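As a plain string of letters, each chain reads:
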Amino acid sequence: MGIVVVNPGALTLVEDLGRQGWASLGLSPSGALDRQSLRLANLLVGNPAGVAGLEILLGGLRLRFVTASTVAVAGAEGIVTLNGAEIPLNQAVRVAPGAVLDFGAPLFGLRYYLAVQGGVDAPKLLGSSSTDMLSGEGPAPLTSGEQLGIGRVSAGNGLVPGKGSVPGTDSVPGHGAGSGAGAGIGILNNAHVLPAIRRAPDPGRAITARVDRGPRADWFDEDSWRRLISQEWTLSPDSNRIGARLLGRPLTQTRLEELPSEGMVLGALQVPPSGLPTVFLADHPVTGGYPVIAVVRRTDLDLLGQARPGQRIRFLG
């Protein structure tokens, strides 16, 4: 085993890019809430974008490496240390045997993503190693004393310097990336390109997410649609990987008959009788009986995965 979990933190999960297309079996897509950050971390260490890494909620994780490796941390922004010395984020870093990696509480964002060269070796279900907190499928949350395996490093997946690449400052050839948004664009010899580095959301500023009208938008009055896109909503502390619960001025449903359960998609903005919407995230139920007034665009859901309780959210539609 390559890694020992000394302290699992508040909640640390094994996540990849999820298992798509299994709603007929009652399984949500699951996977990283901030997919862009997991992809970035993986590509920085030379992994294929979709291999399993760790999603670390609110820091507190401490890992001891039994074997040497190369790691990268993306997503939330805070102090991450290796043997007590702060390491850069969004950049590949070599780790020696016996080294201890610690994650402090994030200052911006909510979830760190850790990629290890070779990937976290975890059992797969329907092609994915992701933990699904709703169904309980996939690897269990990390616990103290647990040992994690590291997958085999595949030749030919590394980042090689290309036009626009930014050399690293950590002596890992070809794995560098700057800390500013859009920096660190490199070319991979497996035809992948590093995504732009997106800053984690500032908890003091509103997040903007684009929405399209949902299949049951006509179950609400027009004032409700205007209310949805004109007010600033607040993320409830009751939010989790299943859904982002919103607080604000309730929406008004005009059709009051019972709605038969129907399929739900990632990003669906479902409105219960309270009138306070919930945005379905990666571990969402695959069916629901409340009307969906809108759907958040997939590319904007990563920001909701980094939103803190109390964060203000605006919808653009």
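Residues numbered from 1 in each chain as written. Predicted model: local features only at pLDDT ≥ 70, side-chain atom pairs only at ≥ 80, totals over all residues. Heavy atoms only, no water.

Visitor: Please provide a residue-by-residue account of the overall build of the protein, values included.
Guide: Counting its regular elements, the protein contains three helices and 23 strands. Expressed as a percentage of the 317 residues in the protein, the buried residues total 51%. (Helix = DSSP H or I, 4+ residues; strand = E, 2+ residues; numbered from the N terminus. Buried < 20%, exposed > 50% of the residue type's maximum accessible area, 1.4 Å probe, protein only.)

Visitor: Report on the nonpolar core, specifying residues and quantitative values.
Guide: Counting residues in each nonpolar core, the largest one holds 33 residues, and the members touching the most others are Leu228, Leu269, Val279, Ile293, Val296 and Phe315. Of all the elements in the fold, those that place two or more residues in this core are β15 (207-213), α2 (222-230), β16 (233-235), β17 (243-247), β22 (292-296), α3 (298-305) and β23 (312-316). Beyond its immediate chain neighbours, meaning those up to four positions away, Ile293 contacts Asp212, Arg213, Gly214, Arg216, Ala217, Phe220, Trp225, Leu228, Leu251, Leu269 and Val271. (Core = buried A, V, L, I, M, F, W, Y, C linked by side-chain atoms within 4.5 Å. Contact = heavy atoms within 4.5 Å.)

Visitor: Tell me about the packing of aromatic side chains, and name the residues and values.
Guide: What the rule picks out here adds up to one aromatic pair. With a centroid separation of 5.3 Å and 65 degrees between ring planes, the pair formed by Phe103 and Tyr112 is classed as edge-to-face. Relative accessible area serves as the criterion here: at 0%, Tyr112 is assigned to the buried category. The lysine or arginine in question, Arg213, covers the ring of Trp225, its NZ or CZ lying 4.3 Å from the ring centre. (Phe/Tyr/Trp six-rings, centres within 6.5 Å; stacked < 30°, edge-to-face > 60°. Lys NZ or Arg CZ within 6 Å of the ring centre and 35° of its normal.)

Visitor: Tell me about the environment of Val80, residues and numbers included.
Guide: Relative to the helices and strands, Val80 is located in strand β6 (residues 80-82). Here Val80 falls in the buried class, since its relative accessible area comes to 0%. Residues Val80 and Leu61 lie 19 residues apart in sequence; the distance between their C-alpha atoms is 9.7 Å. The contacts of Val80, once residues within four sequence positions are left out, are Val73, Ala85, Glu86, Ile87, Leu89, Leu101, Asp102, Phe103 and Tyr112.

Visitor: Talk me through a nonpolar patch on the surface; I want residue IDs and the actual numbers.
Guide: Residues Trp22, Leu25 and Leu126 make up a contiguous nonpolar surface patch of about 260 Å² in total accessible area. On the basis of relative accessibility, which here comes to 54%, the residue Leu25 falls in the exposed class. (Patch = residues over 30% accessible without salt bridge, like charges linked within 9 Å, V, L, I, M, F, W, Y side chains within 5 Å. Areas by Shrake-Rupley, 256 points an atom, 1.4 Å probe, with all protein chains shown as cover. Salt bridge = Lys/Arg side-chain N within 4 Å of Asp/Glu carboxyl O.)

Visitor: Give me the lowdown on the pattern of salt bridges, citing residues and values where you can.
Guide: If the charged atoms of two oppositely charged side chains come close together, the side chains can form a pair. In total, this model carries 16 salt bridges according to the counting rule given. Linking Arg111 and Glu55 is a salt bridge whose minimum nitrogen-to-oxygen distance equals 3.8 Å. Taken together, the positions of Arg111 in strand β10 (residues 108-116) and Glu55 in strand β3 (residues 53-57) put the pair 56 residues apart, joining distant regions of the chain. Each of the two residues, Arg111 as well as Glu55, counts as buried. Three or more residues joined by partner-sharing salt bridges are found here, namely Glu15, Glu55, Arg111, Arg241 and Asp283.

Visitor: Hey, could you go over the sheet that holds β10 for me, with residue numbers and the actual values?
Guide: Whenever strands of a sheet pair, they do so through backbone hydrogen bonds, lying parallel or antiparallel. Reading across from one edge, β2-β3-β10-β5-β8 is the order of the five strands in this open sheet, with antiparallel pairing throughout. Edge positions in the sheet fall to β2 (11-15) and β8 (93-95), since each of these pairs with one other strand and no more. Going across the sheet, the axis of each strand differs from the next one's by a mean of 30 degrees, ignoring polarity. The pairing of β3 with β10 spans four bridges and is antiparallel. When the bridges of β10 are listed, Ile56 appears paired with Tyr112. Of the strands in this sheet, β2, β3, β5 (69-77) and β10 are in contact with helix α1 (residues 35-44), which crosses β5 at around 155 degrees. (Pairing = 2+ DSSP bridges. Axes fitted to C-alpha atoms, helices over the stretch in contact; angles between N-to-C directions.)

Visitor: Please provide a residue-by-residue account of the confidence of the model for the protein, values included.
Guide: Taken over all residues, the pLDDT of the protein has a mean of 88, while the share at 70 or more is 87%. Confidence drops under pLDDT 50 across residues 156-191; counting only partners more than four residues distant or on other chains, this segment forms 81 contacts. (pLDDT = per-residue confidence, 0-100.)

Visitor: I'd like a rundown of α2, residues and numbers included.
Guide: Listed as buried for α2 are Ser224, Trp225, Arg227 and Leu228. In an axial view of α2, the angular spread of the buried residues amounts to 160 degrees, which keeps them on one side of the axis. On its buried face, α2 is in contact with β15, β16, β19 (268-270), β22 and β23. (Arc of directions from axis to C-beta.)

Visitor: Can you explain α3? Please cite residues and give values.
Guide: Here α3 lies mainly inside the structure; six of its eight residues are buried. Of all the positions in α3, only Asp300, Leu301, Asp302, Leu303, Leu304 and Gly305 are classed as buried.

Visitor: Please give an account of the pairing of β5 that cites residues and values.
Guide: Counting buried positions along β5 gives nine out of nine residues, so the element sits mostly inside the fold. In terms of strand pairing, β5 meets β10 through six bridges, oriented antiparallel. Opposite Gly75, over in β10, you have Tyr112 as the bridge partner.

Visitor: I'd like a rundown of the side chain of Arg308, residues and numbers included.
Guide: Along the polypeptide, Arg308 turns up in the loop between α3 and β23. Within the buried set, Arg308 has no salt-bridge partner at all; the shortest N-O distance to an opposite charge, 7.8 Å, is to Asp202. One polar contact links the side chain of Arg308 to the main-chain carbonyl oxygen of Leu107, over a distance of 3.2 Å. The contacts of Arg308, once residues within four sequence positions are left out, are Pro106, Leu107, Phe108, Gly109, Leu110, Pro203 and Leu235. (Lys, Arg positive; Asp, Glu negative; His and termini not counted. Polar contact = N/O pair within 3.5 Å; in protein donor to acceptor, adjacent residues only side chain to side chain.)

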